[in-house]
Structure formats: C-alpha cells, structure tokens
Amino acid sequence: MKVALLASTNDPDELACKAARNDYTTEYVADRSFEEVMEPVDGETVEEKKASLIAQLMERGHYGPFEHPNATFAVKGISRVCMAQITRHRHASFDVQSLRYTVPERGSDIREAVVVPPSVEEAGLVDEFLEGCERQFDLYHDLIDEDSPKKYRGDGVTPPEDARFLLPMATKVNMVFTLNARSLMHVADMRAAADAQWEVRELTDRMLELAEDWMPVTFETYREEMLGRKNRLAP
Ligand SMILES: Cc1cc2nc3c(=O)[nH]c(=O)nc-3n(C[C@H](O)[C@H](O)[C@H](O)COP(=O)(O)OP(=O)(O)OC[C@H]3O[C@@H](n4cnc5c(N)ncnc54)[C@H](O)[C@@H]3O)c2cc1C
C-alpha cells in the first residue's frame, strides 16, 4: 500500500484557531492578523497560544473548527475489503478505480494484482492463495474474451462490468479521497483501534502520519490526548 497527501488546506492549524476565535469575539477575524486574533489566548508565543487553544477545543469537545481544513489522500494498492471499510465513512468524498475498465490483462503477475493478508503468509499458504486468485482472474478473461478457447463461455461474451463479479475481494484498487480534519480524527477513532482489521488500520496509521506533518499541532494533540480513548469525536 502507498498513501500520499495529494492536496491540502494551507496553514490548517491557524485556520481552525481563527474559526474558533470567531466564536468568542465581536471583531471580524478576516480584518485581523493571526497574532491579533490570538491575543487573548493563554501562552507567551503565538505557537504556544495555538497549542493551548487547540488542546482546549479538544478537551471541551468543541470540534466544529476542525471541519474547515481539508486533506486529499491518494492511496495505491489496497484490497476491495479495505476499500469497502473506508468508504463506509460518509463525511468523506471518494473516487475509486473502476474494475469495469482497469482489470489487469491476462497473464499479468498475480502478486501485483492482489493483496495477500499477512496471516496467509504466516500460515505458508501464499501459493495456494495466489492460485485461487489466478483462477478467478482467468475465468474473468475467459468470459470477456471473444477468442477464449473455453467451451463454457456460452454463446456470447460477457460485458466486463458483469464478468468482474468473479474477481476476488483481494483485488487491488487505487483511491483518492478528501475529508476534513474532524472526519479524519473520527475515522482514526474507529479504524486505528485494535478491533479494526489490519489493512484499514495500516491505512489509518499512514494517514495520521501524513496528517501530523500537514496539521502538526492538531494531530499531535489528537495522538497524545485522544487516540485510543473512549471520548470519541462522534457519539
Ligand atoms: C471494528 C469495526 C467493525 C465493523 N463491522 C461492521 C459490520 O460487520 N457490518 C457493517 O455494516 N459495518 C461494520 N462496521 C462499520 C461501522 O458500523 C460504521 O458504519 C463505520 O465505521 C462508519 O462510521 P460511523 O458510523 O461513525 O459513520 P461516519 O460516516 O464516519 O460518520 C461520522 C459520524 O457522523 C454521524 N452520522 C453520520 N451519518 C449519520 C446518520 N445517518 N445518522 C446519524 N448519525 C450519523 C455519526 O455520529 C457518525 O459516527 C464496522 C466498523 C468497525 C470499526
């Protein structure tokens, strides 16, 4: 699996702070510098003020300001199992590679086409697992291929969008998705937990690492104060 930050809001910690300060001042935040907006907040430096305001927001459950900064992730090579799990989160926008148009050609390296769970490797069953996947890919190609020698093809070819019903859940897909910082923390609440499956946990861990570079004050505070606790970001 590969995960990259494709696009993101600039100065996301500042944006969340400005939005939060808007709630507690009669001044118009757009007319004031960040230093002026943060002036009444506890802390000596502007960095300290940012950290103390963000910690306060999290502690009080005031999560709205974290909905303004957005991040777009590009993910390569997750299984359709993991794709089904992550796309259950409704406060994110997804684009998923279509298997109607992008199934690997016959004879491609099956190892490149599917995700092998670590437990299969640990059990020494990789060859059997890959053979099973390859059979499903072969059958897919037999159904769509006009020149297939297989007799069971019937009278006509099957359209790829129907033949793909045969493909294994292990089939790799790429995905682009966008979500705001609050949703990202909620996804992490749900998916970084030990009872989530290993692949979606790995995806979430990579997203959190990238988020810590992108929005360091918020995501470092989240990791230290919130991650793994019961006071989740959504009921
Ligand atoms: C370990 C694990 C196992 C799971 N197993 C299964 C399973 O076997 N079968 C299955 O179907 N799903 C399963 N799920 C998925 C789970 O039930 C959720 O659908 C998924 O995690 C999305 O999270 P969310 O419900 O918090 O919604 P999100 O879409 O991430 O929304 C965030 C929050 O917004 C609020 N919200 C959003 N939409 C609504 C709404 N329509 N009404 C009220 N509040 C809303 C809720 O507070 C919600 O928590 C599993 C999840 C985990 C983590």
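Conventions and cut-offs
Residues numbered from 1 in each chain as written. Predicted model: local features only at pLDDT ≥ 70, side-chain atom pairs only at ≥ 80, totals over all residues. Heavy atoms only, no water. Domains from an automatic or database assignment. Pairing = 2+ DSSP bridges. Helix = DSSP H or I, 4+ residues; strand = E, 2+ residues; numbered from the N terminus. Axes fitted to C-alpha atoms, helices over the stretch in contact; angles between N-to-C directions. Parallel < 35°, antiparallel > 145°, perpendicular 65-115°, else oblique. Left-handed = near helix turned anticlockwise from the far one by under 90°. Contact = heavy atoms within 4.5 Å. Nonpolar A, V, L, I, M, F, W, Y, C, P; charged D, E, K, R; others polar. Buried < 20%, exposed > 50% of the residue type's maximum accessible area, 1.4 Å probe, protein only. Polar contact = N/O pair within 3.5 Å; in protein donor to acceptor, adjacent residues only side chain to side chain. Near = heavy atom within 4 Å. Areas by Shrake-Rupley, 256 points an atom, 1.4 Å probe, with all protein chains shown as cover.

> Would you take a moment to explain the domain arrangement of the protein for this structure?
One widely used convention gives an interface's size as the accessible area the parts lose upon coming together. What the domain assignment reports for the protein is domain 1 (2-73 + 173-226) and domain 2 (114-168). On a C-alpha basis, the centres of domain 1 and domain 2 stand 42 Å from each other.

> Looking at this structure, how should I read the sheet that holds strand S4 (residues 172-180)?
Consider a sheet: its strands pair through backbone hydrogen bonds, and that pairing is either parallel or antiparallel. Strand order in the open sheet formed by four strands is S1-S2-S4-S3, with antiparallel pairing between adjacent strands. At either end of the open sheet lies a strand with only one pairing partner, and these are strand S1 (2-8) and strand S3 (92-96). Taking each pair of neighbouring strands and ignoring which way they run, the sheet shows an average axis angle of 20 degrees. Alignment of strand S2 (residues 70-79) against S4, held across eight bridges, turns out to be antiparallel.

> Got a minute to help me understand the packing of helix H9 (residues 181-191) against helix H11 (residues 216-226) in this structure?
Packed helix pairs are specified by the crossing angle of their axes together with the interaxial distance, meaning the distance between the axes. At their nearest, the axes of H9 and H11 sit 12 Å apart, and the two run at 25 degrees to each other. If you check the angle between H9 and H11, you find them roughly parallel. Judged by the sense of rotation from one axis to the other, the crossing of H9 with H11 is right-handed. The segment H9 lies against H11, with Ala181, Leu184, Met185, Ala188 and Asp189 engaging Thr218, Phe219 and Tyr222. Counted by class, the contact of H9 with H11 contains six nonpolar, one polar and one charged residues.

> Mind showing me how you'd approach the environment of Ser8 here?
Structurally, Ser8 can be placed in strand S1. Under the relative-accessibility criterion, Ser8 is labelled partly exposed at 33%. Apart from the residues within four sequence positions on either side, Ser8 is in contact with Asn70, Ala71 and Trp214. Here Trp214 takes part through its side chain, which lies 3.4 Å from a polar atom of the side chain of Ser8.

> When you look at unusual backbone geometry in this model, what are you seeing that I'm missing?
If a residue is not glycine, its phi is most likely negative; likewise, a peptide bond is most likely trans. Not every positive phi belongs to a glycine, and Asp11 is a case in point at roughly 45 degrees. On the secondary structure map, Asp11 appears in the loop between S1 and helix H1 (12-22). Look at Asp11 and you get exposed, because its relative accessible area is 51%.

> It is not clear to me how the site of the ligand should be interpreted in this structure. Could you clarify?
Every one of the eleven residues lining the ligand counts as a neighbour, but Arg88, His89, Arg90, His186 and Arg191 are closest to it. In the environment of the ligand, an oxygen atom lies 3.3 Å from a nitrogen or oxygen atom belonging to the side chain of His91. A distance of 2.6 Å separates an oxygen atom of the ligand from a polar side-chain atom of His186. For the ligand, whose free accessible area comes to 930 Å², the fraction covered by protein is 51%. Considered class by class, the residues forming the shell around the ligand number four nonpolar, three polar and four charged.

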